[in-house]
Amino acid sequence: MEGELKCPMCLQFFCSPLLLPCSHSICAVCASKCQESSQTFLSQLEEGGCSSNPGDPDLKDFPDVDKISILSETDSGVVCNSRPSSYIGTPSIANIYQSVQFSQNPYGIKCPVCKKIILLDENGYKSLPCNKVLESIVEKFSHGKQHKPLTLYVNCQMCDHNEAKEAVVMCEQCNVFYCQSCKESCHPDRGPLAQHNLLDPIQGRALQRARNKGRELCCLEHEEEQLSMYCTTCSMPVCCTCQSEGGHSQHDVQAIGAMCKTQKLELSQILQSLSEKAKVGTEFIQSLKSMTDRVHVNCSDFEATVVAQCDALIDAIKKRKQELLVHVGEERDLKIGMLKEQASQCTALLQRTTSLLHFSIEVLKESDPASFLQVSSGLISRVSTADQNFNKDMELTPRVATEFDLTLDSSPALHAIQTMNFFQLKGTAAVLSKFSNLLWRWRSDLAHYERGVAPGKPRIVPEDCSAENNSVTIAWQPHMGKVVESYSLELDDGCGGDFRVVYVGSETICTVDGLHFNSTYFARVKATNTSGESDYSDPISLQTAEVAWFNLDPFSAHPDILFSNDNQTATCNSYEHRILLGGVGFSKGVHYWEVVIDRYDNHSDPAIGIARFDVDKCQMLGKDEKGWSMYIDDKRSWFMHNNDHSERTEGGIQRGSVVGILLDLTRHRLCYFVDGFPHGPIAFKNLHGVFFPALSINRNIQVTLRTGLEPPSESDSDDEH
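This section reports on the structure supplied with the text. Note that this is a predicted model, so its numbers are computed, not measured. (Residues numbered from 1 in each chain as written. Predicted model: local features only at pLDDT ≥ 70, side-chain atom pairs only at ≥ 80, totals over all residues. Heavy atoms only, no water.)

1. What to know about the side chain of Asp633
Relative to the assigned elements, Asp633 resides in the loop between β28 (627-632) and β29 (636-641). Take Asp633: its relative accessible area is 14%, and that puts it in the buried class. Among the polar contacts made by the side chain of Asp633, one reaches the main-chain amide nitrogen of Lys635 at a distance of 2.9 Å. Asp633 has contacts with Tyr600, His603, Ser604, Asp605, Trp638, Gly652 and Ile653, leaving out every residue within four places of it along the chain. (Helix = DSSP H or I, 4+ residues; strand = E, 2+ residues; numbered from the N terminus. Buried < 20%, exposed > 50% of the residue type's maximum accessible area, 1.4 Å probe, protein only. Polar contact = N/O pair within 3.5 Å; in protein donor to acceptor, adjacent residues only side chain to side chain. Contact = heavy atoms within 4.5 Å.)

As structure tokens, then:
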């Protein structure tokens, strides 16, 4: 409430608050400070003008129809306080009343809250009524807060109005506030005035309020009359004389007591509604604060769960590391054992061969020919056999290599770790409900299984089915109360043909890849157990994408290929050509994609086209029978398939060039575009089967893939080749 008790000008508690016609209040001292000549406001209105500045906050409340209102002080921008039933409407007609209204009301105040202009008579701000209710509430609030009431100073009533000083005393008998100089000159402490009781200004103000309490308010125009009536037209209290003879004789006038009771009742009802809303707001704020505490607790628990799961992964990696190291050790021991065994066998053979050599040398030293010839034939045969079989028996090639023919493929695990993220869980209540349903279904299924009942017809769940690119996902639910051992999912060919089985298993969801684009597939499922088969479910139709959205495939690409930009951009760290494929294969329809040349150095010649999935990734695209390409440099291009070069075409690429590939499997052919224009004749015809977007690059090239594009129209010259 404290904000309602502070003046919008001085931002302090109200002191002698005055009520403005716009229903806002202002301190008497602040009113004296912001009071100006009415001619000042008139000149401001004439200079601004409604038409030139319709957004002026001083003018925004002027009505468009009622140019001169005599009904309410709140429907215009300028209010004449001395004549409540006379108002000035919009500034565009202010010149008509300049000589009348502004001359009769020499002063004016601009409300600091709503910026409306209030015109005042010759009494200035003193003609404004005091807001007794607000003053009383401020006093109660100040006492309740143990503040001194009326902390603002009081002006001397004997000083000149424009130079009034702060009062230091108040005479109880004279009922006048004096500053120090006026006290000495106008109220000296001698003579009869010496008997007067002087109070400090705060006590004097309290004394005035006490005297005024219980005193009936009197009419300003008829001082002998009390304010017993209330004019609803002017929203002000009046006396009986004002009602019968004054300016309010034609207005709607009610008894002030009844009107006060009505207004209090209306205010009480509105306050009750607002209080209920405030109560709801308070409860909501408390719930938000309590939720903050729960968030901290839940965060700590969740952090502990994440740490435990990550620690489990680390432990699993460490365990797998030890297993791999044991395997490497076994491989090492096997190699060493085989090498030692081979070395031992070769050593024995060498020893036998050396002994034969030494023996033969000694035989050659024999001087007796008869003795020599006696053993020479057999010795020659032995040496010849040893010479012929030496390389074979010695095995001069090691049985095992020193290198380990093992490669640790950590890329899938690394990819899984890098893409590991949170997924949204359903609410606890939903999870418990689902668990309860599954438990009930399991118990029911178990009872029926004991009786040997065939499963009921499954139901496909449409809201869980989807189609993305050239793949579809089908989800289904079993018939309640029946045991199911496996499901059989069938899909047609996308052209309304026969169904074929695409999945058999116990899962209730299946994703089928490699379908045709821009095709409608029908799917159905049946359930089986040892007692028989169910009927097929009602079929569901799913539409694959009209155009293909895909990325480059890092898993099938050569290891020298480097990917970025969510696998849309690629380069190579080898001087040799390396092949990379797109993530989808095409077997039907018309498809178009583009390759943007981001970097082009040293007159390189990238090869762009299509390939089978098992194309050789270590050579230029088109070198074997599984690749079809156009390789192009900065001046010309050629088509190549199975290392057969054809159709040299002038015109090359540079940095920023865009190569478009149009694969039309309806007419079974491939065409190329460069920078939006057809390039060369039809490149390849009679294309049948499954083809993947492909290209081969080296380290002088960086490319970016664009997909999801509508096929362009081919030039007329294409059909001529």
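2. Here's the deal with the side chain of Glu490
Mapped onto the elements, Glu490 comes out in strand β17 (residues 486-491). Apart from residues no more than four positions distant in its own chain, Glu490 is found in contact with Phe499, Arg500, Val501, Val502, Phe522, Ala523, Arg524 and Tyr536.

3. Some details on the packing of aromatic side chains
Following the criterion strictly, the structure yields 12 aromatic pairs and no others. Taking the centre distance of 6.0 Å and the plane angle of 70° together, the rings of Phe550 and Phe586 count as edge-to-face. Separated by 36 residues along the polypeptide, Phe550 in the loop between β22 (540-543) and β23 (561-564) and Phe586 in the loop between β25 (578-581) and β26 (590-600) bring together distant segments of the chain. Judged by relative accessible area, which is 1%, Phe586 ranks as buried. Geometrically, the ring pair formed by Phe550 and Trp593 is edge-to-face, given 6.2 Å between the ring centres and 75° between the ring planes. Highlighted residues: Phe550 in the loop between β22 and β23 and Trp593 in strand β26, separated in sequence by 43 residues. Judged on exposure class, the residue Phe550 and its partner Trp593 are both buried. Put simply, the rings of Phe517, Phe550, Phe586 and Trp593 touch in pairs and so form one group of aromatic residues. Above the plane of the ring of Phe499 lies Arg524, whose end atom (NZ or CZ) is 4.2 Å from the centre. (Phe/Tyr/Trp six-rings, centres within 6.5 Å; stacked < 30°, edge-to-face > 60°. Lys NZ or Arg CZ within 6 Å of the ring centre and 35° of its normal.)

4. Notes on unusual backbone geometry
Comment: phi is negative for the bulk of residues other than glycine, and the bulk of peptide bonds are trans. Despite not being glycine, Asn518 has its phi angle at roughly 55°, a positive value. Tracing the backbone shows Asn518 in the loop between β19 (509-512) and β20 (520-529). Exposure remark for Asn518: the relative accessible area of 47% places this residue in the partly exposed category.

Any functional reading would require information beyond the geometric quantities listed.
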